[in-house]
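# Descriptive analysis of the structure
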There are 2 protein chains.
Amino acid sequence: MAMPRTNKKPATITDVAIAAGMSIGTVSRYINGYEVKPANKERIERAIADLSFSPNALASGMKSADSRMVGLLVPDYDEFHAGLLGNLATTLAQEGLVTLTYCHESNSAVAKEAMRFFRTHRVRALIMSWPDADRNDITEMIAQGVQIVTYDNIIDFAGGDRVVVNNREASFKAVSELIRLGHTRIGAVTGDLRRWTAKERLAGWRDAFEAANIPAPEDLIFPCDWYRADGHRAMEHFWKMDTPPSAIFAANYQISLGILVFCQENDITLPDDLSLFSFDDVEAFHFSTPRVAAIGQPVHDIAQAIKARLLENNKAKRPATTPISVVDCAVHFRESIGPYRPKSV
Amino acid sequence: MAMPRTNKKPATITDVAIAAGMSIGTVSRYINGYEVKPANKERIERAIADLSFSPNALASGMKSADSRMVGLLVPDYDEFHAGLLGNLATTLAQEGLVTLTYCHESNSAVAKEAMRFFRTHRVRALIMSWPDADRNDITEMIAQGVQIVTYDNIIDFAGGDRVVVNNREASFKAVSELIRLGHTRIGAVTGDLRRWTAKERLAGWRDAFEAANIPAPEDLIFPCDWYRADGHRAMEHFWKMDTPPSAIFAANYQISLGILVFCQENDITLPDDLSLFSFDDVEAFHFSTPRVAAIGQPVHDIAQAIKARLLENNKAKRPATTPISVVDCAVHFRESIGPYRPKSV
DNA sequence: TTGTATGCGTTATCAA
DNA sequence: TTGATAACGCATACAA
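Residues numbered from 1 in each chain as written. Chains lettered and ligands numbered in written order. Predicted model: local features only at pLDDT ≥ 70, side-chain atom pairs only at ≥ 80, totals over all residues. Heavy atoms only, no water.

### Quick look at the nonpolar core
By size, the foremost hydrophobic cluster in this structure holds 92 residues, and its most contacted members are Trp205(A), Ile302(A), Ile306(A), Trp205(B), Ile302(B) and Ile306(B). In this structure, Ile306(B) is in contact with Leu84(B), Leu88(B), Ile127(B), Val149(B) and Val163(B), ignoring residues within four places of it in sequence. If you look at the next biggest cluster of nonpolar residues, it comprises 58 residues, including Ala198(A), Leu274(A), Trp226(B) and Phe262(B). (Core = buried A, V, L, I, M, F, W, Y, C linked by side-chain atoms within 4.5 Å. Buried < 20%, exposed > 50% of the residue type's maximum accessible area, 1.4 Å probe, protein only. Contact = heavy atoms within 4.5 Å.)

Here it is, written out as structure tokens:
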């Protein structure tokens, strides 16, 4: 029922002090966990309950010049980033930290606006996956003591922390398994090769061939963007080749979904006609037939690593021992990969 | 590189005023969009750029008693809620509003903490899906002028706005289609029947039978919780029956996934052995074989409806014309449903 | 159109 | 251990 808004103003610390019959200093100290006389403590607690007082985080943040907020800037609210956000927000809340989110959609203007937003809100730290971030914004924030943590991205500015997964090694394992299964024509749908992650994942693909002493099929590298349409386009391209790949390594899950769509449309059966290994493990891969082999990024561990960085740097005020944390991925072999079999014509 | 944090303090509005050679009042007005002399405007703009000043949202929010933050309290960061968050955060950002998130995990203690959190941060509005919310918290917040919007949930307190989807009607359509296909033994895996949404969806199931003049098979109602395990348990139960259902209506996607798992495990083929219609449409349903028929909640529209509520109530300061917005779901018929065929023994 | 001055709810510094 | 008081950065009422 939309009733006229009453706007009873929230009780302030002064109200509490008056109700409890003491100075606001004492109340403030109680709230912040300093020692007060047990008798006073009780009276304060009762006053707080009576007035249903809750401290004003804005005022406290303004005075103490610490907002206790951290920003999270993601390209997208896909399954991975939603999971990251969830884990991060929850774990940071336990430390009394708030998470502000912004989604840049790979759009510079939006990202710029996001930076403005985070600066305006005086976030104490900024966690982001945005390689094109404006250098001026970043350096300005760092100069002001904002901790910058980049996730799975390399930006070479001074003062930032980095958390990454072992992209290269995990990719190596996946592709090596394909090679072990007898595949040599293994396509790589790389994602955006201007990005560090894409480069690393492709490097893992190369490593696998090198380790197996097989020349890497450079003609099967398909550079593109990160989306479904790219996976689909890659398949269109591959399937027109004289010797198409017998297996594919896809650099993220959206690309893989695009590949799956193409396979559906063209009656390509996994793993008989094609083996597929994907970076990123999503729910859809568990319910497709066959289930898709995938490299899972451990969202929980990543969130913990980021948190550790934040606390370490803020609590101890000392430089991190190492500026980069590496988190290991899980590699799941599933039914979408199978032994190489020569193409029946 | 972890360098010693410099902590250069951010420029304040006073700094800007000095640099521009005028009073902070003028600068403040410029920032807030009031008219200033063009000449002054230029000087202010330059000063702001030189100092790379960004206004302190905490201070401004404190002064104006409006944090411009809204809270979002969700049970989970699943595909649906992640989508909602994304849409909401993006659309609200366009209005200069910040979204704070908290996930209660259906846990009272966590939810309680979330309420404390939102009150402390003086959110101007709270969007939530939490039927067990503490009445005292709610009424206190409403009294203080916080707008409460419940999503797809009914809490009967005065002063709240509600946004819901047409659960009952959409369910009716889905089940009617199953009946049209010849099914009469249609199971209902209901989710938590203490919840309004669950009741509504079950009511839609009943409506369909009534409209078809068929007695509803009450023995096929399986009350449970909302998770994968519940869908699995439901199937275990059904499959032991003398006359098991030939079709199933599942009240959310997690339940459906549990059902899919059971079918995989027991070689139950969709739609030959069983038809499945699910509430909630997720990516996994598009990539399973067969694709799962589902009712999609239009996350974008829901976010817009919520936004409309927020703006309406805050801009015009008048009561909403109606306290409840209904958003229509899309009903997708897909290959997981097929004509009834008598069970071959 | 602009300047001045007050106060928002806290924390922190200083004496007591 | 506590009380009084000065900031914190900004918006705004009022005066000019």
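And the narrative resumes.
### Quick notes on the protein's contact with DNA strand D
What surrounds DNA strand D is a group of 24 residues, the closest being Thr26(A), Asn40(A), Lys63(A), Ile13(B) and Lys63(B). Counted by atom, the contact set of DNA strand D within 4 Å of the protein is 58% sugar and phosphate. Lys37(A) places a polar main-chain atom, nitrogen or oxygen, 3.3 Å from a phosphate oxygen of DNA strand D. Between DNA strand D and Ser28(B), the relevant distance is 3.0 Å, taken from a phosphate oxygen to a side-chain nitrogen or oxygen of the residue. Elements represented by at least two residues in the surface near DNA strand D include exactly helix 2 (24-31) and helix 4 (57-64) of chain A together with helix 2 (24-31) and helix 4 (57-64) of chain B. (Near = heavy atom within 4 Å. Polar contact = N/O pair within 3.5 Å; in protein donor to acceptor, adjacent residues only side chain to side chain. Helix = DSSP H or I, 4+ residues; strand = E, 2+ residues; numbered from the N terminus.)

### Some thoughts on the side chain of Asp137(A)
All names here are of chain A. Structurally, Asp137 can be placed in helix 7 (residues 135-143). A distance of 3.1 Å separates polar atoms of two side chains, one belonging to Asp137 and the other to Lys112. If sequence neighbours within four positions are ignored, Asp137 has contacts with Lys112 and Met115.

### Some details on the protein's contact with DNA strand C
Taken together, the neighbourhood of DNA strand C is formed by 26 residues, with Ile13(A), Lys63(A), Thr26(B), Asn40(B) and Lys63(B) sitting nearest. Atoms of DNA strand C within 4 Å of the protein belong to the sugar or the phosphate in 60% of instances, the rest to bases. Taking Asn32(A), its side chain carries an N or O atom lying 3.3 Å from a phosphate oxygen of DNA strand C. Separating a phosphate oxygen of DNA strand C from a backbone N or O atom of Lys37(B) is a distance of 3.2 Å. Residue assignment for the surface near DNA strand C shows that the elements contributing at least two residues are helix 2 and helix 4 of chain A together with helix 2 and helix 4 of chain B. Element by element, the count of residues in the surface near DNA strand C is highest for helix 4 of chain A, at 4 residues. Classifying every residue of the surface near DNA strand C gives 9 nonpolar, 10 polar and 7 charged. (Nonpolar A, V, L, I, M, F, W, Y, C, P; charged D, E, K, R; others polar.)

### Brief notes about unusual backbone geometry
Residues and elements named next belong to chain A. Geometrically, the link from Leu270 to Pro271 is a cis peptide bond, its omega value of -5 degrees lying close to zero. Following the sequence through the fold, Pro271 ends up in the loop between helix 11 (253-265) and strand 9 (275-279). Between Thr289 and the following residue, Pro290, the backbone shows a cis peptide bond with an omega angle of -5 degrees. The residue Pro290 is located in the loop between helix 12 (283-287) and strand 10 (293-296) in this model. Residue Asp280 is not a glycine yet carries a positive backbone phi of 80 degrees.

### Side note on the sheet that holds strand 10 (residues 293-296) of chain B
All names here are of chain B. Taken in spatial order, the 6 strands make up an open sheet running 7-6-8-9-10-12, and their pairing is mixed. Edge positions in the sheet fall to strand 7 (221-222) and strand 12 (330-332), since each has one partner strand and no second. Bridge analysis of strand 6 (residues 186-189) against strand 8 (residues 247-250) gives 4 bridges, and the strand direction is parallel. If you follow Ala188 over to strand 8, its bridge partner there is Phe249. Relative to the sheet, helix 11 (residues 253-265) contacts strand 6, strand 8 and strand 9 (275-279), its axis offset from that of strand 9 by approximately 155 degrees. (Pairing = 2+ DSSP bridges. Axes fitted to C-alpha atoms, helices over the stretch in contact; angles between N-to-C directions.)

### Description of the interface of chain A and chain B
Tallying the contact residues gives 67 residues for chain A and 67 residues for chain B. With both sides pooled, the region where chain A packs onto chain B buries about 6100 Å², and carbon together with sulfur makes up 56% of that total. Between the two partners, chain A and chain B, sit 2 salt bridges. Where chain A meets chain B, there are 11 residue pairs in polar contact (both at pLDDT 80 or more). Of all elements in the fold, only helix 4, helix 5 (79-93), strand 2 (98-103), helix 6 (108-120), helix 7, helix 11 and helix 12 of chain A reach the threshold of two or more residues within the side of chain A that touches chain B. (Buried area = accessible area lost by both parts, 1.4 Å probe. Salt bridge = Lys/Arg side-chain N within 4 Å of Asp/Glu carboxyl O.)

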